[in-house]
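What follows is the residue order along each chain.
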Amino acid sequence: MKKLAAITFTSMVLLLATAMAVGAADSVEIRGKVATGTDTWTADDFAGFYYDLDDDIKTEELTATVTEGNKLMEPDGVVYTTKVMADDFDYEAWGSYNVIGFMADKYFAGYIDTPDSVEDVLFEESDDENVLSDEQLLKILMDNDDERTVTSGTPLAMEEGYELSIAAIDIDGNKVYLELSKDGAVVDSKVISPSKDGATMKDKTYYYKKDIGDSKDVVIVAAHFKNAFRGAEQNLATIDGLWQLSDNPRDVSENTEYDKMTIQTVTADSIMMNNEDNDITLSKNKDITLMPGVSIRTADADELRYYLYKEITEPGTYEIRGNVATDTFTWTADNFAGFYYDIDDNIKTEELVATISEGNKLLEPDGVVYTTKVMADDFEYEPWGSYNVIGFMAEKYFAGYIDTPDTTDDVLFEESDDENILSDEQLLQILVDNDDERTVTSGTPLALEEGYELSISAIDIDGNKVYLELSKDGAVVDSKVISPSKDGATMKDKTYYYKKDIGDSKDVVIVAAHFKNAFRGADQNLATVDGLWQLSDAPKDVSENTEYDKMTIQTVTADSITMDIEDNDITLSKNKDISLMPGVSIKTADADELRYYIYKEATIEGEEEVAEEETAVVTPVNDTEKVVEEAKEAVEEANKTVEEAEEVVEEAKEEVAEAEAHAEEAAEATANQTPGFGSIFALTGLLAVAYLVLSRRD
């Protein structure tokens, strides 16, 4: 008993440690348009590059020149250029600065002089106002004009360990003595006078400047104080402009290498890189890092097909946007990375057309029309054949099984009564589709999604017949015998499948596992699974007239769905965020001219959120040695228990004899249904009694 518990517990610890490692790898991929030869990407068609919709700021461009079929030859097979553009501070009175996208991130390049004005305090107070001239860039950490109150007891927390605090305010409330600290140590102090009569911009602005690399006295922190008050119990002030740059510069000096790219030229307003000394071959199924933030992915196909992408792993919520439009426009998976796309098989099913009328309106019903059509896709375990996949509201769904002529290997199609569920106006999410080999033992069920588990109940003495049980949330919902190791085993002999009614679709196979082989061992039974498939048992309703936010399903056929904005006129006024349907929204620029795009949000959970979910079940890694040691002690203790157990079993002969009789009767009944398992069930009965007796003795 204790020996069994110790072994089980140790196994659980190891499994949980593995689960922790797997759960940590969460990311979002933002891809650009798909290319088949030489091509160029900008922020228009690669959402990974920095883009400001309100001011239409886009600075980056990358050109890949394909030669000799699939090569990007050095030095100019890949050429990347980026140029500064002027951008206004959010607190507009400070003027403007030069922003630049670099390696798919936003950076500060320098302050800009505002002629005939002394309001541009950040420019005026910086000695080296153009940091790009010094071959470096700074990350913009804060730029906003939100009003916030700072009190003498609550410092203003900033990035990289900085805090701005009110040390004192004079009796008239005119002079504010401020201290800036980093990591708890004061690095600057200054007196400003935001409330005095005729206060200038400099009177109202706190600024902190320091040497950053080769740039001297650069303002990296600034705060505009709207007013200040001296109170009876505490002092307070209102800040309505805040700015911060990182004090860790990004090196962009000539000849600096970033993965396969090398900086060739740097000017006061531009940077150019290429792949000098790095030939790149776009062979199939490759993942190639060009530079931090930008990679290339190629299709696992004989024909060349590839795209740029940016991978994000930092916790947060991100926009995956489509191409920017200024008028009527059409988006597909080619120019909107939010739509479902399979690069290996070039599967793209969704299209959305926005038709602008009367200047900036999408009039019902056809102002927005969304269509999606099924496409055939192979199972990862290819002998099963293929199925119809469909993108719907920017997610991948299963639409139905496809018949493979002149074969019976397409077990999932053959065993499903309603093989086309889209005909029943519903879709199913694909939860598992892979051909990874994995070993399943009698003591470790195969965990699936939505609470399902597939377990080996027994294997006959020859290792030919495997008795399997499928459970959901701990309750057995199906059992089946398969024969993966017998001579001449067919696909059906080797495939476990479970089918059930899903909504209006009858007997749809939603779980399937292909067993490569099975073995009956001395200590435990095991089998190798090399094909696994699971569909959700919760269908997505796509019946006609179903409404999803502003979209309504108009037509559903065996292979397509069409939606429009019936009864929902949409006005694309400036600075709007409009949900079209779950997964797809429209965002407009905060500008007088029309500029908009569709987008999808993706979220990466933070470590704290993941930890909260795992707390109840996961033993900390640091405690593993302790747990294993305890398990060893339990095993040693169990050796003593064995002798005791033998005595207990002897005392329980009558109970065992009675159980054996019942077990033999049960075995005979079961043997008629599942030949080869009679002796196994009899033995199971004996073991069960021994277990009960031992439990009673403990």
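Up top is the structure these notes are about.
This is a predicted model, so every value here is computed, not measured.

### Comments concerning the overall build of the chain
The number of helices and strands found in the chain is 9 helices and 54 strands. A total of 698 residues make up the chain; the buried ones form 46% of that total. Look at the contacts in the chain between residues 6 or more apart in sequence, and 54% of them connect residues 24 or more apart.

### Concerning the packing of aromatic side chains
Tallying each qualifying case throughout the model produces 37 aromatic pairs. Both rings, one in Phe392 and one in Tyr548, keep their centres 6.0 Å apart while their planes meet at 75 degrees; by these two values the pair is edge-to-face. Taken together, the residues span a long stretch of sequence, with Phe392 in strand β36 (residues 386-392) and Tyr548 in strand β48 (residues 547-548) at a distance of 156 residues. With relative accessibility at 0%, the residue Phe392 sits in the buried group. Each member of the aromatic cluster is reached from another via a ring pair, and the members are Phe89, Tyr91, Trp94, Tyr97, Phe108, Tyr111 and Trp243. The ring of Tyr207 has Lys190 lying over it, and the distance from NZ or CZ to the ring centre is 4.7 Å.

### Quick word on unusual backbone geometry
Residue Pro75 is reached from Glu74 by a cis peptide bond, and omega for that bond is 5 degrees. For Pro75, the position within the fold is in the loop between β6 (71-72) and β7 (78-83). Following Glu364, the chain continues to Pro365 via a peptide bond in cis, the omega torsion being 5 degrees. The residue Asn255 is not glycine, and still its phi comes out positive at about 75 degrees. Take Asn255: it is sitting in the loop between β20 (250-251) and β21 (257-258). Phi is positive for Asp259, close to 55 degrees, though the residue is something other than glycine. Along the chain, the position of Asp259 falls in the loop between β21 and β22 (261-266).

### Remarks on the side chain of Asp203
Turning to its location among the elements, Asp203 is positioned in helix α3 (residues 201-204). There is a polar contact of 2.9 Å between the side chain of Asp203 and the backbone nitrogen of Thr200. Not counting the four nearest positions on each side in its chain, Asp203 is found in contact with Ile192, Ser193, Pro194, Lys196 and Gly198.

### Brief notes about the pattern of salt bridges
In this structure the tally under the stated criterion is 28 salt bridges. Across the pair Glu147 and Lys226 runs a salt bridge, and its minimum N-O distance is 2.7 Å. Taken together, the positions of Glu147 in the loop between β11 (136-144) and β12 (148-151) and Lys226 in strand β18 (residues 215-230) put the pair 79 residues apart, joining distant regions of the chain. The exposure class assigned to Glu147 is exposed, which follows from its relative accessible area of 51%.

### Observations concerning the sheet that holds strand β15 (residues 176-182)
On the basis of which strands lie adjacent, the open sheet formed by 4 strands has the order β13-β14-β15-β16 and antiparallel pairing. Each having just a single partner strand, β13 (156-157) and β16 (185-192) make up the two edges of the open sheet. Note: β15 against β16, 7 bridges, orientation antiparallel. Of the residues in β16, the one forming a bridge with Tyr177 is Val191.

### Re a negative patch on the surface
A contiguous patch of negative charge on the surface is contributed by Asp54, Asp55, Asp88, Asp90, Glu92, Asp145, Asp146 and Asp590. By relative accessible area, which is 45% here, Asp146 ends up partly exposed.

### A word on the pairing of β22
Relative to β22, β21 is paired through 2 bridges, and the arrangement is antiparallel. By the bridge assignment, Tyr258 is partnered in β22 with Met261. Of the strand pairs in this sheet, β22 and strand β23 (residues 270-274) are connected by 4 bridges, and their pairing is antiparallel. The residue of β23 that forms the bridge with Ile263 is Met273. Between β22 and β23, which pair antiparallel one after the other, the connecting turn spans 3 residues.

The rules behind the values
Residues numbered from 1 in each chain as written. Predicted model: local features only at pLDDT ≥ 70, side-chain atom pairs only at ≥ 80, totals over all residues. Heavy atoms only, no water. Helix = DSSP H or I, 4+ residues; strand = E, 2+ residues; numbered from the N terminus. Buried < 20%, exposed > 50% of the residue type's maximum accessible area, 1.4 Å probe, protein only. Contact = heavy atoms within 4.5 Å. Phe/Tyr/Trp six-rings, centres within 6.5 Å; stacked < 30°, edge-to-face > 60°. Lys NZ or Arg CZ within 6 Å of the ring centre and 35° of its normal. Polar contact = N/O pair within 3.5 Å; in protein donor to acceptor, adjacent residues only side chain to side chain. Salt bridge = Lys/Arg side-chain N within 4 Å of Asp/Glu carboxyl O. Pairing = 2+ DSSP bridges. Patch = residues over 30% accessible without salt bridge, like charges linked within 9 Å, V, L, I, M, F, W, Y side chains within 5 Å. Areas by Shrake-Rupley, 256 points an atom, 1.4 Å probe, with all protein chains shown as cover. Lys, Arg positive; Asp, Glu negative; His and termini not counted. Charge placed at Lys NZ, Arg CZ, Asp CG, Glu CD.

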